[in-house]
Amino acid sequence: MPITPAPLSVWWDAPADGPTNMALDEALADEACRRGAVLVRVSTWARPEVSLGAFQRFADARACAALGGLPISRRPSGGGAIVHGSDVTLAIAVPRGHALASSAQPLYDAAHGAMVEALAGRGIAALRWSGAGPGADPPDGPLLCFDRRSPGDVVVADAGAARGDRKILGSAQRRLRGAVLQHGSLLLAANGAVGPAARHAGLADLFPASGPWLLPGGRALIDDWLRRLSASLGGGCEEQPGGFRPTDAAPFEDALTRFRSAGWIERR
C-alpha cells in the first residue's frame, strides 16, 4: 500500500498480561500495513511479569533467582528480558514502505530522540547512548534489558551506577512481512516484585521531584513524547477512542494462542 502523510494514530490500552500485549502489538503491525500509516499503542501490564527477547533462552530466565518465579512471556522482538509492572510499553508499527522502516536505526533515533527532547523540557538531561566508554553489549549479553547498552538507548547520568549512567528507555525491533514493529520500555520506577539484582532505578527514583508530571503512568511525559514524535514525522497526533482492536480478529486470536503456548515461550 502506498504511504501517504497521515496523523500519528495512538491507542492507550488497559493493562493486560504478556501474551495479550504481544498479540495486540503484532496485530498493530498488521494494521499499520493495512492503513499505510504509523501507529502507536501505549500499554501497561496487569501484573509483574517478565518478557523475554525473541532469541533469549527460557532456562536462563527461569534460573535467575532475582526474578522470583514471575510469569514469563516472550516478545516477537529481540533484546533483553524486561521486568514489567513499573514501566510503560511503547509499541510503534511502521509500514515497510515508510522511510523509518528503511533500516533499524532511523526508527530508534526518531522514537528515542523525541523522548530525550521531552525529558529535556522537564529539566532532565537525558541522551542517546553513543557507545562511548564501555562498549555495546553483544546480543547474548546480560539477561536483563536494563543491564545492557546499545547505541541509541536513552540514558541519564548517575555517578553511583556501575557504568556512570542509568538506562531509562530501551527498544527492540522485529521486521515482519508488511511492517516493522518496535517495542520500547520506559522505566518509570524500580520494580519491587523482584530481587535487587533484577531491580533497576526508574525516573521516579532518580528524579523524585518529577512526581507531578510523571505519575500516574507517565501520561504527561508520554503525551509530550507523542507530540514530538509526530512532529518529527511531519504530522499531527490523534488519540483513538477505546483500546486498540484489530480490524481482522482471526489473526489476533491465532497470535494470542501462539503467545500463550509453552511451545512459543520455551522455544529457546
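Structure's up top.
Below or above, wherever it landed, is the structure these notes cover. (Residues numbered from 1 in each chain as written. Predicted model: local features only at pLDDT ≥ 70, side-chain atom pairs only at ≥ 80, totals over all residues. Heavy atoms only, no water.)

1. Brief notes about the pairing of strand β10 (residues 179-187)
For the record, the criterion: Each residue gets one of three labels from its accessible area relative to the maximum for its type: buried under 20%, exposed over 50%, partly exposed in between, using a 1.4 Å probe on protein chains only. Only DSSP runs of H or I reaching four residues or more are called helices, and only runs of E reaching two or more are called strands; each is numbered from the N terminus. Between any two strands, at least two bridges found by DSSP are needed for them to pair.
Of all 9 residues in β10, 9 are buried; the element is thus mostly enclosed. Judged by which residues are buried, β10 turns out to be covered on both faces: A179, L181, H183, S185 and L187 on one side and V180, Q182, G184 and L186 on the other are all buried. Bridge analysis of strand β9 (residues 165-175) against β10 gives 7 bridges, and the strand direction is antiparallel. Note that in β10 the partner of A172 across the bridge is H183. Between β9 and β10, which pair antiparallel in sequence order, lie 3 residues.

2. Brief notes about the packing of aromatic side chains
Formally: Here the aromatic set is Phe, Tyr and Trp, taking the six-membered ring for Trp, and pairing holds for ring centres within 6.5 Å; pairs whose planes are under 30 degrees apart are stacked, those over 60 apart are edge-to-face, and all others are tilted. Either the NZ atom of lysine or the CZ atom of arginine qualifies as a charge over a ring when it sits within 6 Å of the ring centre and within 35 degrees of the ring normal.
Under the criterion given, the structure shown has 2 aromatic pairs. Aromatic side chains W11 and F244 sit 5.0 Å apart centroid to centroid with 70° between the ring planes, which places their arrangement in the edge-to-face category. Highlighted residues: W11 in strand β1 (residues 8-12) and F244 in the loop between β11 (237-239) and α7 (249-260), separated in sequence by 233 residues. Per residue, the accessibility class of W11 equals that of F244, and both read buried. When the centroid spacing of 5.3 Å and the interplanar angle of 90° are considered together, the rings of F259 and W264 count as edge-to-face. An identical accessibility class is assigned to F259 and W264; each is buried. Above the face of the F146 ring, K167 is positioned so that its terminal group lies 5.7 Å from the ring centre. One Lys or Arg, R258, reaches over the ring of W264 and ends 5.7 Å from the middle of that ring.

3. A look at the packing of helix α1 (residues 18-35) against α7
Quick note on the threshold: Each axis is a line fitted through C-alpha atoms, taken for helices only over the stretch in contact, and angles between the N-to-C directions span 0 to 180 degrees. For this classification, under 35 degrees means roughly parallel, over 145 means roughly antiparallel, 65 to 115 means roughly perpendicular, and everything else is oblique. Note: crossing handedness is left-handed where the near helix turns anticlockwise from the far helix by less than a right angle, and right-handed where it turns clockwise. Residues are treated as being in contact if the distance between any of their heavy atoms lies within 4.5 Å.
Contact pair α1 / α7: the axes reach a minimum separation of 8 Å and the direction vectors enclose 140°. The orientation of α1 relative to α7 falls into the category oblique. When the axes of α1 and α7 are compared, the crossing they make is right-handed. The segment α1 lies against α7, with P19, T20, M22, A23, L24, E26, A27 and D30 engaging P251, F252, A255, L256, R258, F259 and R260.

4. Some thoughts on the pattern of salt bridges
Side chains that carry opposite charge are capable of pairing whenever their charged atoms lie near each other. Rule in force here: Think of a salt bridge as a Lys or Arg side-chain nitrogen and an Asp or Glu carboxyl oxygen that are within 4 Å of each other.
The full count for this structure, using the stated rule, is 17 salt bridges. A salt bridge links E26 to R258; the shortest N-O distance between them is 2.4 Å. One end of the pair, E26, is in helix α1; the other, R258, is in helix α7, and 232 residues separate them in sequence. Taking the relative accessible area as the measure of exposure, E26 reaches 14% and is therefore buried. The partly exposed category is assigned to R258, whose relative accessible area is 31%. Residues joined by salt bridges that share partners form a network here, namely E117, R122, D224, R227 and R228.

5. A few points about the packing of helix α3 (residues 104-120) against helix α6 (residues 219-232)
For clarity, the cut-off: Amino acids outside the nonpolar list (Ala, Val, Leu, Ile, Met, Phe, Trp, Tyr, Cys, Pro) and the charged list (Asp, Glu, Lys, Arg) are all regarded as polar, and Gly is one of them.
The geometry of α3 relative to α6 is characterised by a closest axis approach of 8 Å and an angle of 125° between their N-to-C directions. Taken as axis vectors, α3 and α6 run oblique relative to one another. As α3 packs across α6, the resulting crossing turns out to be right-handed. In this structure, α3 uses A110, A111, A114, M115, E117, A118 and L119 to contact α6, whose residues at the interface are L221, D224, W225, R228 and L229. Across the contact of α3 with α6, the residue classes break down as 9 nonpolar, no polar and 3 charged.

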